[in-house]
Amino acid sequence: MEPLLNQLAESAAEARDLEGLTRPLLEVLEAVTGMESTYLTTIDLDRGVQNILYARNSAQMQIPEGLSVPWADTLCKRALDEGRPYTGDVSGCWGDSEAARALGIRTYLSQPVLNLDGSVYGTLCAASASPVGVSDATIKVLAMVARLIAHQVEQERRLSELRQSNETLSAQSLSDPLTGLPNRRALQQELHRMLARAARAGSTVLVGYVDLDGFKAINDEHGHDVGDRFLIHMAHRLRSGLRAGDFVARVGGDEFVVLAPDGDAPQAFDERIVRSTACPFRFRQIEIDYAGASVGVTQSKPGESDAQALLERADAAMYAVKKARRAAR
């Protein structure tokens with residue numbers, strides 16, 4: 001028994017994932033139980049099926065990985081329902097099981113693999129086409145291995161949840177909660193990347209700084225709810241006007257920034273952004289025929305890497321446009 005325990009401990013210590021833990025344990029169980037096939041299953045109660053996840057077959061009997069069988073007809077369900085972890089006469093005990101007949105199972109050994117909440121994840125099984133005697137000590141070993149696997153399943157579930165939470169937090173840290181557009185932090189990262197690519201390619205980057213003229217008046221006259229809807233509408237319009245390789249972010253308040261490779265001339269890029277923002281806005285009974293935003297466009301210099309300086313030039317260009325539009329009214 002000591003060599004067996006050492007092998008179990010070694011497998012548990014070296015495993016990096018569920019498969020890496022299970023496959024050597026199935027080999028151990030084959031030696032301990034004397035069965036032809038050892039395998040781990042998962043149970044999908046919503047679909048009513050049991051799936052063979054990993055299997056080891058050392059003789060004529062073959063339990064194929066990937067096999068799915070109706071859960072209601074399985075020996076595993078019968079064993080769980082009856083509290084019978086072992087039977088040496090499957091045909092005499094569960095002769096109506098089509099799955100057992102199809103696989104030629106005569107001797108059967110099973111232990112549930114339980115989730116932390118007590119629900120059944122799957123089963124750890126051993127089966128043979130010939131009669132095999134199984135001691136209480138062997139059943140205890142099977143139960144111990146099932147607990148090791150359950151521990152690994154729970155660990156991977158927690159790691160998956162943690163990874164998903166981290167991805168969500170990362171996405172939230174780079175996006176504007178109102179419009180769903182990338183935020184200022186994401187803009188800085190993307191502009192650095194685009195400038196680096198442009199320097200390698202010997203090209204440039206266009207930056208358009210967008211200010212929604214009259215937004216304060218919309219907020220004051222119609223309220224913040226309408227103002228928020230207006231910002232969301234403009235974010236959608238700007239996103240819809242993007243071309244391949246373009247990028248748009250909300251940098252705060254009623255200000256947005258659009259980035260583009262230098263496929264457009266600066267004037268054409270400017271006109272494209274203005275057209276995106278010049279549109280009617282309707283919400284409930286409110287209709288606003290919006291004339292378009294003030295847009296300041298600048299172009300990076302060959303090899304330029306200072307993202308902040310480029311944004312400041314675009315911002316200054318936007319304010320010059322804004323001042324000229326005011327003077328023209």
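Keep in mind the model is a prediction, meaning the values are calculated, not measured. (Residues numbered from 1 in each chain as written. Predicted model: local features only at pLDDT ≥ 70, side-chain atom pairs only at ≥ 80, totals over all residues. Heavy atoms only, no water.)

K.L.:
Looking at this structure, I do not really get the environment of histidine 236. What am I missing?
P.N.:
Here histidine 236 is to be found in helix H9 (residues 224-240). The spatial distance from the C-alpha of histidine 236 to the C-alpha of threonine 179 is 8.1 Å, given a sequence separation of 57 residues. (Helix = DSSP H or I, 4+ residues; strand = E, 2+ residues; numbered from the N terminus.)

K.L.:
Sorry if this is basic, but what is going on with helix H2 (residues 18-33) here?
P.N.:
The α-helix winds at 3.6 residues per turn, so residues separated by three or four positions along the chain end up facing the same way. In a regular helix each residue adds 1.5 Å, so 16 residues correspond to 22 Å; H2 covers 21 Å between its end C-alpha atoms and thus fits that length. Within H2, the full set of buried residues consists of Leu18, Leu21, Thr22, Leu25, Leu26, Val28, Leu29 and Thr33. (Expected span 1.5 Å × (residues − 1). Buried < 20%, exposed > 50% of the residue type's maximum accessible area, 1.4 Å probe, protein only.)

K.L.:
Help me out: how do you make sense of the pattern of salt bridges in this one?
P.N.:
Where side chains of opposite charge bring their charged atoms close, a pairing between them can arise. This model, assessed by the stated rule, comprises 22 salt bridges. A salt bridge links aspartate 211 to lysine 322; the nearest nitrogen and oxygen atoms lie 2.4 Å apart. Taken together, the positions of aspartate 211 in strand S7 (residues 205-211) and lysine 322 in helix H11 (residues 307-328) put the pair 111 residues apart, joining distant regions of the chain. Classification of aspartate 211 as buried rests on a relative accessible area of 5%. Residue classification places lysine 322 among the buried residues on the basis of a relative accessible area of 11%. Look at the salt bridges and you will find they share partners, linking Glu154, Arg157, Arg158 and Glu161 into a network. (Salt bridge = Lys/Arg side-chain N within 4 Å of Asp/Glu carboxyl O.)

K.L.:
Please clarify how the packing of H9 against helix H10 (residues 266-277) should be interpreted in this entry.
P.N.:
Axis angle and axis distance: for two packed helices, these are the angle between their axes and the distance between the axes, and together they describe the pair. Running from N to C, H9 and H10 point in directions that differ by 140°, and their axes come no closer than 8 Å. Here H10 runs oblique to H9, going by the angle between their axes. With respect to the hand of their crossing, H9 and H10 are arranged in right-handed fashion. Where H9 abuts H10, its residues Met234, Arg237 and Leu238 lie against Ile273, Arg275, Ser276 and Thr277. For the contact of H9 with H10, the per-class residue count stands at three nonpolar, two polar and two charged. (Axes fitted to C-alpha atoms, helices over the stretch in contact; angles between N-to-C directions. Parallel < 35°, antiparallel > 145°, perpendicular 65-115°, else oblique. Left-handed = near helix turned anticlockwise from the far one by under 90°. Contact = heavy atoms within 4.5 Å. Nonpolar A, V, L, I, M, F, W, Y, C, P; charged D, E, K, R; others polar.)

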